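# Chains, contacts and geometry: an overview
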Protein chains: 2
Amino acid sequence: MSIPIISLQRLPIYLNYLKSLDNKDKYISSGAIARALGMGEVLVRKDLAFTSAHGKSRTGYVTEELISALEEFLGCNKSVPAAIVGAGGLGCALLNYGGFKNYGINVVAAFDNDPKKVNISEKIYPESALKGEIERQKIKLAVICVPASAAQEVCDELIACGVTAILNFAPLLLKAPPQVSVRNIDVAANLAVLSSQIKEEL
Amino acid sequence: MSIPIISLQRLPIYLNYLKSLDNKDKYISSGAIARALGMGEVLVRKDLAFTSAHGKSRTGYVTEELISALEEFLGCNKSVPAAIVGAGGLGCALLNYGGFKNYGINVVAAFDNDPKKVNISEKIYPESALKGEIERQKIKLAVICVPASAAQEVCDELIACGVTAILNFAPLLLKAPPQVSVRNIDVAANLAVLSSQIKEEL
């Protein structure tokens with residue numbers, strides 16, 4: 001069963017909480033985790049059921065086993081290389097973001113067609129180096145942060161270089177073969193949904 | 001009925017297409033739109049049904065009515081003020097992003113506790129000005145782009161100032177009263193889902 005993204009987002013929260021405990025008891029219950037994080041116990045139990053950890057009804061989870069199961073599920077011990085195309089404000093923000101390593105993802109390269117961007121960081125390459133670096137570093141995962149007008153062309157090029165999973169921030173629907181996984185984050189559309197939910201007074 | 005975000009994301013695409021037509025015919029059919037954009041006709045019809053436009057079975061939509069219905073639904077003629085808290089890479093990228101006006105959203109202010117950030121743009125205010133500016137500009141919509149460790153505090157402060165709709169980029173679950181609408185965009189979690197879907201060869 002595929003984990004819903006809303007559950008996946010909570011797994012690092014459980015992991016960070018468990019790792020932050022100074023004196024770890026041998027066992028920890030879903031109820032104790034739920035209370036500490038201000039969440040519902042059923043929700044915690046359902047989320048943790050996606051991992052390989054087995055909680056017992058009276059004792060709960062073996063704390064170290066639960067930590068290992070979360071780390072394994074999240075791929076914390078892996079290092080999956082990823083690339084960013086477009087090193088504007090968003091691309092650079094993602095390049096410098098530390099949170100990807102929680103999921104075993106290592107952003108190893110960014111590409112930009114503006115030569116000035118290439119000097120900002122040694123991880124930023126000119127766009128002409130895209131094919132060579134993607135193939136050399138065996139990158140299968142990429143993030144598109146270019147304007148909408150360039151996004152389809154970048155998408156096609158990435159797929160031609162062997163990328164099979166793409167996160168797209170450009171506000172358009174990318175065309176990609178069904179074997180390629182594409183997820184879209186349209187920030188403006190998310191803000192528009194909220195705008196329609198504004199209440200003038202609480 | 002609330003529109004799914006995936007449909008909402010497509011409405012500006014239809015609108016931009018219709019507005020880009022040089023010689024607009026009086027009528028346009030969902031089939032013609034679908035063919036032009038490489039999409040399914042049923043999908044197009046379902047999306048457009050969220051607006052007030054009425055398509056007829058033989059003639060389709062009155063083109064100008066459909067444009068108006070899309071603009072009205074998307075709030076293109078409104079100007080809803082919005083604020084960004086945290087003017088780091090992501091916050092600045094959003095501050096400079098032109099796509100919000102497609103949805104009638106106007107990012108009027110950003111706040112940061114780093115005095116150096118305040119000089120980057122006249123729209124960036126010190127965090128001490130947050131309460132005053134949010135109230136003065138009657139801002140109800142805000143985007144949180146601060147690190148996870150500061151996000152809950154910022155969230156509480158925004159709500160205390162009258163904000164009722166929040167888009168959160170920090171990777172944690174914000175606690176907010178049920179009357180406040182909160183949407184989360186966790187970039188790392190989205191990338192992690194894709195990472196789990198990587199195929200080594202197509």
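This one's a predicted model, so the numbers in the text were calculated from it and none came from an experiment. (Residues numbered from 1 in each chain as written. Chains lettered and ligands numbered in written order. Predicted model: local features only at pLDDT ≥ 70, side-chain atom pairs only at ≥ 80, totals over all residues. Heavy atoms only, no water.)

Before going further, it helps to examine the overall build of chain A. Looking only at helices and strands, chain A has nine helices and eight strands in total. Its C-alpha atoms put chain A at 60 × 50 × 35 Å along the principal axes. Counting all 202 residues of chain A, 50% fall into the buried class. Intrachain contacts of chain A at a sequence separation of at least 6 include 55% that bridge at least 24 residues. Accessible surface, chain A: about 9,900 Å² in total, of which carbon and sulfur atoms supply 51%. Put simply, chain A has 21 plus and 20 minus side-chain charges, and the middle of one group is 7 Å from the middle of the other. (Helix = DSSP H or I, 4+ residues; strand = E, 2+ residues; numbered from the N terminus. Buried < 20%, exposed > 50% of the residue type's maximum accessible area, 1.4 Å probe, protein only. Contact = heavy atoms within 4.5 Å. Areas by Shrake-Rupley, 256 points an atom, 1.4 Å probe, with all protein chains shown as cover. Lys, Arg positive; Asp, Glu negative; His and termini not counted. Charge placed at Lys NZ, Arg CZ, Asp CG, Glu CD.)

The strand order across the open sheet formed by six strands is β5-β4-β3-β6-β7-β8 (chain B), and the pairing between neighbours is parallel. Looking along the sheet, the strands with just one partner apiece sit at the ends: β5 (124-126) and β8 (181-184) of chain B. Strand after strand, the sheet turns through a mean of 25 degrees between neighbouring axes, direction not considered. Of the strand pairs in this sheet, strand β3 (residues 80-85) of chain B and strand β6 (residues 141-144) of chain B are connected by four bridges, and their pairing is parallel. Across the sheet, residue B:A82 finds its bridge partner in β6(B), namely B:L141. Contacts from helix α9 (residues 187-195) of chain A reach β3, β4 (105-112), β6, β7 (165-168) and β8 of chain B, with the element oriented near 155 degrees to β7(B). Those strands touched by helix α8 (residues 148-160) of chain B are β3, β6 and β7 of chain B, and its axis lies near 170 degrees from that of β6(B). (Pairing = 2+ DSSP bridges. Axes fitted to C-alpha atoms, helices over the stretch in contact; angles between N-to-C directions.)

Another aspect to go through is the environment of A:S52. Residues and elements named next belong to chain A. As for its position among the elements, S52 is in the loop between α3 (41-48) and β2 (61-62). Each C-alpha atom of the pair S52 and A69 lies 5.6 Å from the other, and the pair is 17 residues apart in sequence. Contacts of S52, omitting those with residues within four sequence positions, involve A69 and E72.

With that settled, consider helix α1 (residues 5-20) of chain A. Helix length check: α1(A) (16 residues) gives 24 Å between terminal C-alpha atoms against 22 Å at 1.5 Å per residue, within 8%. Residues of α1(A) that are buried: A:S7, A:L8, A:Q9, A:R10, A:L11, A:P12, A:I13, A:Y14, A:L15, A:Y17 and A:L18. In this structure, the buried residues of α1(A) make contact with β1 (27-28), α2 (30-37), α3 and α4 (63-74) of chain A together with α9 (187-195) of chain B. (Expected span 1.5 Å × (residues − 1).)

The next subject is the pairing of β3(B). Residue and element names in this part refer to chain B. Of all six residues in β3, five are buried, a share of seventy percent or more. In this structure, β3 lies alongside β4, joined through six bridges in parallel fashion. Residue pairing for β4: V80 is matched across the bridge by I105. After leaving β3, the chain enters helix α5 (residues 89-95) and then returns to the sheet as β4, a path that is right-handed. (Right-handed = clockwise from strand over helix to strand, strands pointing away.)

Right, let's get into the relation of the copies chain A and chain B. By a simple turn and slide, chain A fits onto chain B: the slide is 0.0 Å along the axis, the RMSD is 0.1 Å, and the turn is 180 degrees. A rotation of that kind, with that shift, is consistent with a two-fold axis. Residue by residue, 98% of the interface of chain A is reproduced at the interface of chain B, so both copies engage with the same surface. (Least-squares fit on C-alpha atoms with pLDDT ≥ 70 in both.)

Moving on: the sheet that holds strand β7 (residues 165-168) of chain A. All names here are of chain A. The six strands lie next to each other as β5-β4-β3-β6-β7-β8, forming an open sheet whose pairing is parallel. Lying at the two open borders of the sheet, with one neighbouring strand each, are β5 (124-126) and β8 (181-184). The mean inter-strand angle of the sheet, taken between neighbouring strand axes irrespective of direction, is 25 degrees. Of the pairings in the sheet, the one linking β7 to β8 comprises four bridges and is parallel in character. The partner of A165 across the bridge, within β8, is S181.

Here we come to the interface of chain A and chain B. Residue-level contacts link 52 residues of chain A with 51 residues of chain B. Of the roughly 4,900 Å² buried between chain A and chain B on both sides combined, carbon and sulfur atoms contribute 74%. Between chain A and chain B we count zero salt bridges in total. One can count eight residue pairs in polar contact (both at pLDDT 80 or more) joining chain A with chain B. Every element with two or more residues in the side of chain A that touches chain B is listed here: α1, α5 (89-95), β6 (141-144), β7, β8 and α9 of chain A. It is α9(A) that provides the largest number of residues to the side of chain A that touches chain B, a total of nine residues. Its residues placed into classes, the side of chain A that touches chain B shows 35 nonpolar, ten polar and seven charged. (Buried area = accessible area lost by both parts, 1.4 Å probe. Salt bridge = Lys/Arg side-chain N within 4 Å of Asp/Glu carboxyl O. Polar contact = N/O pair within 3.5 Å; in protein donor to acceptor, adjacent residues only side chain to side chain. Nonpolar A, V, L, I, M, F, W, Y, C, P; charged D, E, K, R; others polar.)

Just distances and angles here, no functional claims.
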